[in-house]
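# An overview of the molecular structure
Here is how the chains run, residue by residue.
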Amino acid sequence: MSKEKNCDFDIISLYRELGIRREVLDFGREIEAGLEKRFAAIDGVAEYNQLKVIQAMQKNQVSEGCFHYASGYGYNDVGRDTLEEVYASVFHTESALVRPQITCGTHALALALSANLRPGDELLSPVGKPYDTLEEVIGIRPSKGSLAEYGVSYSQVELLEDGTFDFDGIREALRENTKLVTIQRSKGYQTRPSFSVGQIGELIRFVKDIRPDIICMVDNCYGEFVETIEPSDVGADLVVGSLIKNPGGGLAPIGGYIAGRKDLIDACGFRLTSPGLGKEVGASLGVMQSFYQGLFLAPTVTASALKAAIFAANIYEKLGFAVVPKGSESRHDIIQAVTFGKPEGVIAFCKGIQAAAPVDSFVTPIPWAMPGYDSDVIMAAGAFVQGSSIELSADGPIKPPYAVYFQGGLTWHHGRLGILMSLEHLVREGVVVL
Ligand SMILES: *Cc1c(COP(=O)(O)O)cnc(C)c1O
């Protein structure tokens, strides 16, 4: 083979070998050509956040010793303690708790709530119903060990029709025993808009003007590094999230974080381990390198996921499907919803995402009756970390309006392949005609 031939790589053939037909590739390229400015803006945010993370690591003198294995009680676990200082620097908070012993996002949120609420206190959500798994934590759905069982009451104020805050309703809902206000940044799997950090700041200011003593907590899941500021930059006392979403950068194999005011974080430490022990114990068991390196990669990984979401929104909007957020809308989290209006669309989309995965690409996802859901659900995930939703993944309940939710993508090139493959499968099934 000539030298020229070697360099003249033939990407169209490679896409074809992977199963993407030319029409699908061309359609995708046309859409992508119109996204240059959006992508440049995303890269700008990633650049800022990359510097922010590096600065935090330098300031706290992250060293090779931080990656050493620590076992047993974990007294003086330097890697763990330094990482918590790094998180505190990134989020501009007094303190942070970042642990593999926090098993997931729900656990981190439950921990922050139960650590800082006492019998007789009231918890208020001024942004409508919280994420599904929080219903049992709070006791909205009766559950063993819920806050309700411990005498913590709950109230919620719905958003207004247009998705904005009902300030009059919130003022009325602030009772004498209201101790903590919880604000969910991402829409999760609801139809309301996600909130910008600016909007969250406005809400926190409103609450603090009336009652400066109230603890304002933000469920930051899926929101980290989407903007250059975080809720803790606009007055949040606690920000909470999962390490198998944005801040783990795809490398953290488990974990959650809580960043915020020192007294509140100390309370979380005492609740996570034991009164009297708190943050002093809890060995990091060799996962520290993945936590540090994941945080280091998180700004660019989040940018990749955002690009994939915007690419998908524009492709499916162009093809006439309803998408949330819309193709040109600003982003406050990495989740994208596409409504197909029929089950075949949801199924074909998920098959395409699965077929593009680096892991388990040969598996065919099928709808099944998952516990906790009132309809069959189909899920596509070929992830290195089980259930990781910063990796390219999609799921959809098989019920009207037949919408699929997808998120993630550790690299933009993989995200693009996944979306092209979803389109390829929709074309094959006859749901879409190009
Ligand atoms: C994912 C998520 C959670 C829960 O996190 P898990 O890790 O799945 O337990 C909570 N709130 C929001 C908004 C989320 O997106």
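Residues numbered from 1 in each chain as written. Predicted model: local features only at pLDDT ≥ 70, side-chain atom pairs only at ≥ 80, totals over all residues. Heavy atoms only, no water.

## Section: the site of the ligand
The full set of residues close to the ligand is C104, G105, T106, L109, Y131, Q184, D219, C221, Y222, S242 and K245. With respect to the ligand, the backbone of G105 contributes an N or O atom lying 2.8 Å from an oxygen atom. Look at the ligand: alone it shows 380 Å² of surface, and the protein chains cover 89% of it. Sorting elements by how many residues they give to the shell around the ligand places helix α6 (residues 105-116) first, with 3 residues. Of the residues contributing to the shell around the ligand, the split by class is 5 nonpolar, 4 polar and 2 charged. (Near = heavy atom within 4 Å. Polar contact = N/O pair within 3.5 Å; in protein donor to acceptor, adjacent residues only side chain to side chain. Areas by Shrake-Rupley, 256 points an atom, 1.4 Å probe, with all protein chains shown as cover. Helix = DSSP H or I, 4+ residues; strand = E, 2+ residues; numbered from the N terminus. Nonpolar A, V, L, I, M, F, W, Y, C, P; charged D, E, K, R; others polar.)

## A short note on the packing of helix α4 (residues 36-59) against helix α11 (residues 288-318)
Remark: α4 packs on α11, axes separated minimally by 9 Å, with the N-to-C direction vectors making an angle of 170°. In terms of orientation, α4 and α11 fall into the roughly antiparallel class. Contact residues: R38, F39, I42, D43, A46, N49, Q50, V53, I54 and M57 in α4; Y292, L295, F296, P299, T300, A303, L306, K307 and I310 in α11. Partitioned by chemical class, the residues of the contact of α4 with α11 number 13 nonpolar, 3 polar and 3 charged. (Axes fitted to C-alpha atoms, helices over the stretch in contact; angles between N-to-C directions. Parallel < 35°, antiparallel > 145°, perpendicular 65-115°, else oblique. Contact = heavy atoms within 4.5 Å.)

## Concerning empty space enclosed by the protein
According to the stated counting rule, one finds 1 cavity of 30 Å³ or more in the structure shown. Considered as a void within the structure, the largest cavity measures approximately 60 Å³ in volume. If you go around the largest cavity, the residues you meet are L109, S125, V127, P130, L134, T182, Q184 and D219. Counted by class, the lining of the largest cavity contains 4 nonpolar, 3 polar and 1 charged residues. (1 Å grid on protein atoms, 1.4 Å probe; cavity = no way out; pocket = protein on both sides within 12 Å on 5 of 7 lines; lining within 4 Å. Points joined across faces, edges and corners; volume = space filled by probe spheres on them.)

## Examining the environment of L434
Examined against the element boundaries, L434 turns out to sit in the segment after α13 (412-428). It is 7.3 Å that separates the C-alpha atoms of L434 and E23, two residues lying 411 residues apart in sequence. When sequence neighbours within four positions are dropped, the list of residues in contact with L434 reads E23, V24, F27, L319 and V427.

## A closer look at the pairing of strand β2 (residues 122-125)
Along any regular strand the residues' side chains alternate between the sheet's two faces. Where burial is concerned, the two faces of β2 agree: the one with E122 and L124 and the one with L123 and S125 are both buried. The sheet contact formed by β2 and strand β3 (residues 153-156) spans 4 bridges and is parallel. From the neighbouring strand, L124 faces β3, where its bridge partner is S155. Running through helix α7 (residues 132-138), the crossover from β2 to the neighbouring parallel element β3 is right-handed. Note: β2 against strand β4 (residues 178-184), 3 bridges, orientation parallel. What sits directly across from E122, in β4, is T178. (Buried < 20%, exposed > 50% of the residue type's maximum accessible area, 1.4 Å probe, protein only. Pairing = 2+ DSSP bridges. Right-handed = clockwise from strand over helix to strand, strands pointing away.)

## Considering the confidence of the model for the protein chain
Overall, the predicted model of the protein chain reaches an average pLDDT of 95, with 98% of residues at or above 70. Across the protein chain, the secondary-structure element scoring lowest on mean pLDDT is helix α1 (residues 3-7), at 48, and the one scoring highest is strand β7 (residues 256-260), at 99. Note that residues 1-5 has pLDDT below 50 and, in this model, 1 contact with residues that lie over four places away or in other chains. (pLDDT = per-residue confidence, 0-100.)

## What about the pattern of salt bridges?
Tallied over the entire structure, the rule returns 23 salt bridges. For the salt bridge of K187 with D333, the shortest nitrogen-to-oxygen distance reads 3.7 Å. In this pair, K187 sits in the loop between β4 and α9 (197-210) while D333 sits in the loop between β8 (322-324) and β9 (336-339), placing the two residues 146 residues apart along the sequence. K187 gets classed as buried once you look at its relative accessible area, which sits at 3%. Residue class for D333 comes out buried when judged on its relative accessible area of 2%. (Salt bridge = Lys/Arg side-chain N within 4 Å of Asp/Glu carboxyl O.)

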